[in-house]
Structures are given as structure tokens and as C-alpha cells.
There are 2 protein chains.
Amino acid sequence: MQDIDELILSKVDSDRFTVTYFLACTTYEEAKKMAWSIQVEQTIEFPYEFVSNEYIKEELVGRLEALDPVEKGYEAKISYLSELAGREITQFLNVVFGNSSLQPDIWIKHIELSPSLLKHFKGPRFGLIGMRELLEVPERPMLQAVIKPIGLSTKELSAMTSAYALGGADVIKDDHGLTTQGFAPFEERVARCAEAVKEANAKTGRNVLYAANVSGDGVALMERAYKAKELGATALMVAPGLVGFDAVQALAKDEHLALPIISHPSLSGGFMMPGRSGIDASVWFGLLNRLSGADMSIFVSYGGRFSFTIEECNRIIRNLLDPLYDWKASCPAPGGGVTEARLPELIKIYGKDVMFLVGGDMFRRGSHLEENAKFFRELLENC
Amino acid sequence: MQDIDELILSKVDSDRFTVTYFLACTTYEEAKKMAWSIQVEQTIEFPYEFVSNEYIKEELVGRLEALDPVEKGYEAKISYLSELAGREITQFLNVVFGNSSLQPDIWIKHIELSPSLLKHFKGPRFGLIGMRELLEVPERPMLQAVIKPIGLSTKELSAMTSAYALGGADVIKDDHGLTTQGFAPFEERVARCAEAVKEANAKTGRNVLYAANVSGDGVALMERAYKAKELGATALMVAPGLVGFDAVQALAKDEHLALPIISHPSLSGGFMMPGRSGIDASVWFGLLNRLSGADMSIFVSYGGRFSFTIEECNRIIRNLLDPLYDWKASCPAPGGGVTEARLPELIKIYGKDVMFLVGGDMFRRGSHLEENAKFFRELLENC
């Protein structure tokens, strides 16, 4: 192994981005060795001692910018030449954690972008404020309802959509398991649900949005997005765990679509469950969603049927809302156990700049969904 | 909670597929509760007690087919109506592990497909035998070399390609970090490397393949695949951890491409590192790659710089090679520490039906790459 001290350079120059890795280990020497392994694995993935090219050694191999003891291990800040990320999210994530994701005891805690990456990663088109403007809801916490369960017919789902819209939901979205199954095929479902929201809006004078789930295989994703817009959907939902953050960005950047993008957490747990290696929930649900242009990030709240902690949820919220580059804030959307009983506490923790996702709990007050949506809406108006 | 015993049905009917979950828990009652939570979460994601529709309750909610004690927990076999998977990989994975991936102590151990899913998931086009035919290597273990490190120019990478091809590599692939960075832009690199292999093949009479890395954002992936074929690439590499298994399938199924597909493990560690929840390496590297049509699956071997065990690697190999449905076998490609010293042992463990990936270790014998490739080739011929 080379003497790595020579690679600890004090200055991050402007075309490098920096990843903060938590390394679970006990000694400084061990941490240095782990950091060096990441510096090489995530860049040249090649025995350093065989490299003769000085530019590759100096600029392309990751640079250890800082290595500090923290609870239960060390925190390494490693910077990478922005050009390595190739101006796309796929390759950016490949550099951040590609092969190292297969090695133990490494957690992604933070990523600092560089000016050149910020030319490509521009954040949300609408963001929290843009969604508030679309919805004409300037201040209060917002309400998102879900049409479900899977297995219901288009007729049943559109009646449900109508009830939610009349009752006072701000956004109504497809269940994340609704794709284009025979129970309620995509085009039929989207057309009828979009129509139901439009009719309800005409009655109430509100601007409720209907989000169609467009996660699908390959080209089907963009085809569904275009079709959804044509059929009247006013927002789109996509799960980066299923289709990649590049799909979120493709939807968000598309000038012809120009619809709010809602990101769903499905199949992202592999990276965030407390285990041997992974990506902090605040980076996945927070930073990466905002970076790729999600206007709203649905995440699983503490205290429900998922196991995230209140501290993790607060970190997610901060990464979605706090000033960062010239990005708009993304709207945080906690879900998974948002009940009538817990709502006052959740509002206290999450604040007003949030859209609560009420799924199955919308049914807990009985089968009159318009009344139930109205009840939740009033809770939020009076908070 | 409903009495779940009524949902334990003995018969899996033909249009249901079955997922085997390992549940880390101590008592049978606990395991039943966890299984029930998955049965509901992965299907209706809705309070079961509020469902009135009998069809949804009987057919759509996951069915617990078996629940057996195993070491450190229980194994639950849960079957799902195939229609839930919506005839696409994205939604299939959504049902297998979508939201449950965000809950602790759950591991995907196995998936049994149904006849209706097998209409859509047809496995590899070439597979191991097809690749052996293309390469005209009927029996011996094969050799895959990698052009690297990133930072080299197209001229340097194509010279390397030429040396590997003349020396005796069977497949030469782009490093997984080579996309379209300025160091060696995609079209220029692919054209020159493909040409180098073609020239070497003309000299040697061999049929070495050159695999271009096409992992990229959104539509760029398929555009690069088409362009790579046009420029002379004779195989394609893609990383499902970066772009999804749907991208692997899209490449594999495309009749105009009709090239062997090599799957790379980057950014898949979140799901496989021993932690709180995840997907067994044999399912990700083995079953899911074969299902989505990867002709070759690169995985990280035991004993190198990654932490997978010999048992895990054997399970991966079995899922790639053993008779399964009417799928062709996929070629296993162990990498990450395939050295001269370890090769005899690795051949003993992995057998002959394998393509060893030699990356940085190709350089360990000095800078004469043609000789180095020849050396590895001879080791494999004489094994």
C-alpha cells in the first residue's frame, strides 16, 4: 500500500464533489485503510501500485479530505473529480457507492455536490412552494390520499377519487402497487380518476391534483407518463428503488410533461435498513430525491409499522427543506401510520411544510370516504 | 388481526407465484404475525379488517403456504396472484419486496415463478451454452478481461483491448465505471475497442467478444446499446443495481440487438450485505439475473476484497446453472480477487462452467498485457 498521507490534500477544488462515509471500525489505522480502499475501489478499481499515469494518481483516485473519529467508528470525507460522474445520475451513484456497496461497514452519510454537477442536477421544478401554488394552499400542512387497495375496479377507484377530492384531500395518488393489472388497467384507471378529480374541482373550486403511478419497465415508464398527462393526470408518481433515480430525473426534467413528481419509497429498504452497509435515509429519501428533481418525497415515518427513528425522519426533512445550492425545497410526505390519534404529535414534529400521506387509515372512521377526508382536512386546517 | 390460520391453504394454484422469506424472530406466533404483515403489506397494503370484497380477501392478499422453523428464525412461503405482478419485472419486484424491504428482519431467500409469469420472464437468449458457441470454447473455464483504469485515453484502452484479444481473453469488457466521460467518450471508445478486437480475431482466428458498458440515464441506455452494436460491440454490459432489472430484460429481449448481456453487480450491495433485511445473493446475482435474461452474471467471489462466503457463492452458481423452468443456464462470472495464486482453488470450487473475471490482477505480472492474458488463458486450458 502507498503512503496515503500524501493523498490527504487540504483543498477541495471546485470541480470535485465530496462523499462522507461512516466507517464502522475501531482504530485510526483501520479507518485509513478502509478509506483508501474506497478511494481506489470507487475510482480506478485497480491496484494503485501499477498506475504509472500521474494524472490518474493525483486527480482520479479519490482524495481523503478528512478522517475524523465519531461514535462507533470514523467519518471519512472523500472527494472525487466531477468528470468521473459523467454528467448523469447513474454514473454519479456508481462513483458514490457502486462496488463499495458490496463491502461491509460502510455507510453513505452525506454528499456535497460540485459546481459542475450542479449544472446537471438542478433539483425540483415545482418543489414545496410550487406545489403550494398549484394547490392554492399557502400555509397549512397538506393531505395526500391514496386510492387502494389493489383489486378494486376502475369504477370503484374513481368513485374513491371523487370522494377524496370532494372531501378535501390536496393530492390523490394511485397506490404504488397499481400499475396496469387487469383489475384496473392503466389508461382506463387514469382517465376515470383524472376525470373524477376534474369534476370535483369544478364543484368545489379547489385545485386537487391526481398523481398517476408510472413506474414501469423500460420505455413503458415514459410512455405511461405521456399517456397519463394526455388523459388528465396532474402529477406523476415513480419509485426510484424500482426504476432508478435516473427515471425520477427524466420525468422531472421533461419539458413536455412539466408535472409535479412524487417519489415513492418502494424497494429502497435494502439500502437504508440498519445493517452492515448502506445509504442513510436522509441521503436516499432526502438528498437524492431532491437532487433528481422529486417535488415530493414520500418516506416512512417513525412510530408506524416501519422502523425508522424520529432522528432519521428529522434528518430526511432537513435535507428536503433546508436551503441547499439553488435548489427548491422538496415537499416531505411522511406515510406509514399517519392516524387521527397521531396527527397532532406528527404535526408538532414535522411542522407545517409537509404533506401527510393517509392510506389505509382513511378507512378507519367508516366507509364514508368524503366525510373521512373532510375530517382529516379539518384536523390539518385547525392545527 | 384476523385469524390467519384460515389463510394457510395447502394448494398453490397455477397462477400464483411463491416467495420464500426468512424471518428473524424467535417464536412461531411472532413469525405468523410477521408473515401476515408481509401478506398484507405486499398486496393490499390496507387494513385487512376494512376489506369487504371476498375476492380481494381470498385471492389478492398473500397466502401463507408454509411456515417452518429454521436456524435463527422461520421460513415463510407466501404465494401471490400472478396478476398482481402486472407482467413486468418492476411490479414483480414491487410485490416480492417493495414496502417490506423497509421493515426489519426479512430476507428474500427464494422465488418460485408461476406458468403465467414464465410467459414474460423467459431467461437468457444465449446463456452459457450460447456464449460457448459464439466463442467456440466448448469446455474449459473462460477468461474475461477488463479495460481499465478509468482515466486512460481511448488510444490506451484500445491498445489494451488488442493485447487482451491477442493474448487469449474470451470476453473483453469495459470497466463498469467507463460511461461517456471526457477521458474516453463512449462512441470513440466503443468504435476503437470493437475494431481492435475485430483485427485481433482476424489474426488469431478466434471469436473474442467485446462488451460495451451501456448503463446510462433513462433513454441513454438503449441509445448506447444500439450505437454500440452499430459500432461493432459484440456484447453489452449493464448494472441492474444502477438501472434496474427491467433494463437488463429490455436489452436481453430486444430482437434488433440480439447480443449477449453481461450483468454487473455495482450498487447492489444494499440488498445483499448481511444486515437487517435484504435479498439473498443467490436470488439477486442468480435468480433475478437469469430471470431477466442476463447471459452472464458477474458476482463478487469469496476470499477476495469482498465479504461474500463460499456458501453464498455456491448458491449463486446453482441458481445460474441448475435446470430451472425452460430457461437456459446463465454463465457465472466470479470477480474481485481472481489471482494467479487463487485460480486453481477457484476452479476446484466453481468448476468449468464459469468465466473468470480478471481485472487489476491482469497487471500483476508486469506491463506486457498480451503475455499476461496468454498466461491466464494457459492456466485455464491446462486446468
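Cut-offs and rules
Residues numbered from 1 in each chain as written. Chains lettered and ligands numbered in written order. Predicted model: local features only at pLDDT ≥ 70, side-chain atom pairs only at ≥ 80, totals over all residues. Heavy atoms only, no water. Least-squares fit on C-alpha atoms with pLDDT ≥ 70 in both. Contact = heavy atoms within 4.5 Å. Phe/Tyr/Trp six-rings, centres within 6.5 Å; stacked < 30°, edge-to-face > 60°. Lys NZ or Arg CZ within 6 Å of the ring centre and 35° of its normal. Core = buried A, V, L, I, M, F, W, Y, C linked by side-chain atoms within 4.5 Å. Buried < 20%, exposed > 50% of the residue type's maximum accessible area, 1.4 Å probe, protein only. Buried area = accessible area lost by both parts, 1.4 Å probe. Salt bridge = Lys/Arg side-chain N within 4 Å of Asp/Glu carboxyl O. Polar contact = N/O pair within 3.5 Å; in protein donor to acceptor, adjacent residues only side chain to side chain. Helix = DSSP H or I, 4+ residues; strand = E, 2+ residues; numbered from the N terminus. Nonpolar A, V, L, I, M, F, W, Y, C, P; charged D, E, K, R; others polar. Axes fitted to C-alpha atoms, helices over the stretch in contact; angles between N-to-C directions. Left-handed = near helix turned anticlockwise from the far one by under 90°. pLDDT = per-residue confidence, 0-100. Expected span 1.5 Å × (residues − 1). Arc of directions from axis to C-beta.

### Description of the relation of the copies chain A and chain B
Phase 1: Under the fitted operation, chain A is carried onto chain B by 0.0 Å of movement along the axis and a turn of 180°, and the coordinates agree to an RMSD of 0.0 Å. The superposition operator between the copies reduces to a two-fold rotation axis.
Phase 2: Here 100% of the contact residues of chain A are again contact residues in chain B; the copies associate through an equivalent surface.

### Side note on the packing of aromatic side chains
Phase 1: The tally for this structure, following the rule as stated, stands at 28 aromatic pairs over all chains.
Phase 2: Arranged with centres 4.9 Å apart and planes meeting at 70°, the rings of Tyr325(A) and Trp327(A) form a pair that is edge-to-face.
Phase 3: Linked through ring pairs, Phe285(A), Phe299(A), Tyr302(A), Phe308(A), Tyr350(A) and Phe356(A) together constitute an aromatic cluster.
Phase 4: Arg342(A) extends its terminal NZ or CZ atom over the ring of Tyr302(A), reaching a point 5.2 Å from the ring centre.
Phase 5: For the cation-ring pair, Arg224(B) lies above Phe186(B), with the distance from its terminal atom to the ring centre recorded as 5.9 Å.

### Some thoughts on the nonpolar core
The nonpolar side chains of soluble globular proteins are, as a tendency, buried together.
Phase 1: Among the nonpolar cores identified, the biggest contains 277 residues, and Phe92(A) and Phe92(B) are the most heavily contacted of them.
Phase 2: Leaving out residues up to four positions away in the same chain, Phe92(B) has contacts with Phe17(B), Ala85(B), Ile111(B), Leu113(B), Leu117(B), Phe121(B), Leu288(B) and Leu291(B).

### Remarks on the interface of chain A and chain B
Phase 1: Contact residues are listed per partner, giving 74 residues for chain A and 74 residues for chain B.
Phase 2: Summed over both sides, the interface of chain A with chain B buries roughly 6300 Å², with 59% coming from carbon and sulfur.
Phase 3: Together, Leu102(A), Asp217(A) and Leu267(A) form the three largest contributors to the area buried by chain A at its contact with chain B, with a combined 12%.
Phase 4: The interface formed by chain A and chain B includes four salt bridges.
Phase 5: For Glu45(A), the salt bridge goes to Lys148(B), with nearest N and O atoms at 3.3 Å.
Phase 6: The interface formed by chain A and chain B includes 30 residue pairs in polar contact (both at pLDDT 80 or more).
Phase 7: Looking at the side of chain A that touches chain B, the element that brings in the most residues is helix 3 (residues 89–97) of chain A, giving six residues.
Phase 8: Split by residue class, the side of chain A that touches chain B holds 31 nonpolar, 29 polar and 14 charged.

### Considerations on the packing of helix 7 (residues 186–204) of chain A against helix 8 (residues 220–230) of chain A
All names here are of chain A.
Phase 1: The N-to-C vectors of helix 7 and helix 8 enclose an angle of 35°; their axes lie 9 Å apart at closest approach. The handedness of the crossing between helix 7 and helix 8 comes out as right-handed. Touching Phe186, Glu187 and Val190 of helix 7 are Arg224, Lys227 and Ala228, all from helix 8.

### Details of the side chain of Arg377(B)
Phase 1: Secondary-structure assignment places Arg377(B) in helix 15 (residues 369–381).
Phase 2: In this structure the side chain of Arg377(B) is engaged in a polar contact, spanning 2.8 Å, whose partner is the side chain of Glu381(B).

### So, unusual backbone geometry
Phase 1: In the segment running from Lys148(A) into Pro149(A), the intervening peptide bond is cis, with an omega of 0°.
Phase 2: With respect to the helices and strands, the residue Pro149(A) is situated in the loop between strand 5 (142–147) and helix 6 (154–167).

### A word on the pattern of salt bridges
Residue and element names in this part refer to chain B.
Phase 1: In total, this model carries 36 salt bridges over all chains according to the counting rule given.
Phase 2: The shortest N-O distance in the salt bridge between Lys109 and Asp280 comes to 3.4 Å. Here Lys109, found in strand 4 (residues 106–112), pairs with Asp280, found in the loop between strand 10 (277–279) and helix 12 (281–291); they are 171 residues apart in sequence, far enough to count as distant.
Phase 3: Relative accessible area serves as the criterion here: at 30%, Lys109 is assigned to the partly exposed category.
Phase 4: Given the relative accessible area of 6%, Asp280 is considered buried.

### Topic: the confidence of the model for chain A
Phase 1: Of all residues in chain A, 95% attain a pLDDT of 70 or more, and the chain-wide mean is 93.
Phase 2: Confidence drops under a pLDDT of 50 for residues 1–12 of chain A, and excluding neighbours within four residues, the segment shows 24 contacts in the predicted structure.

### Points about helix 15 (residues 369–381) of chain A
Residue and element names in this part refer to chain A.
Phase 1: Taking 1.5 Å per residue, 13 residues should reach 18 Å; helix 15 reaches 18 Å between its end C-alpha atoms and fits that length.
Phase 2: All of the buried residues in helix 15 are Leu369, Asn372, Ala373, Phe376, Arg377 and Leu380. For helix 15, the angular spread of buried residues about the axis comes to 135°, placing them on one side.
Phase 3: Of the surrounding secondary structure, the elements contacted by the buried residues of helix 15 are strand 5, helix 6, helix 14 (343–350) and strand 13 (355–358).

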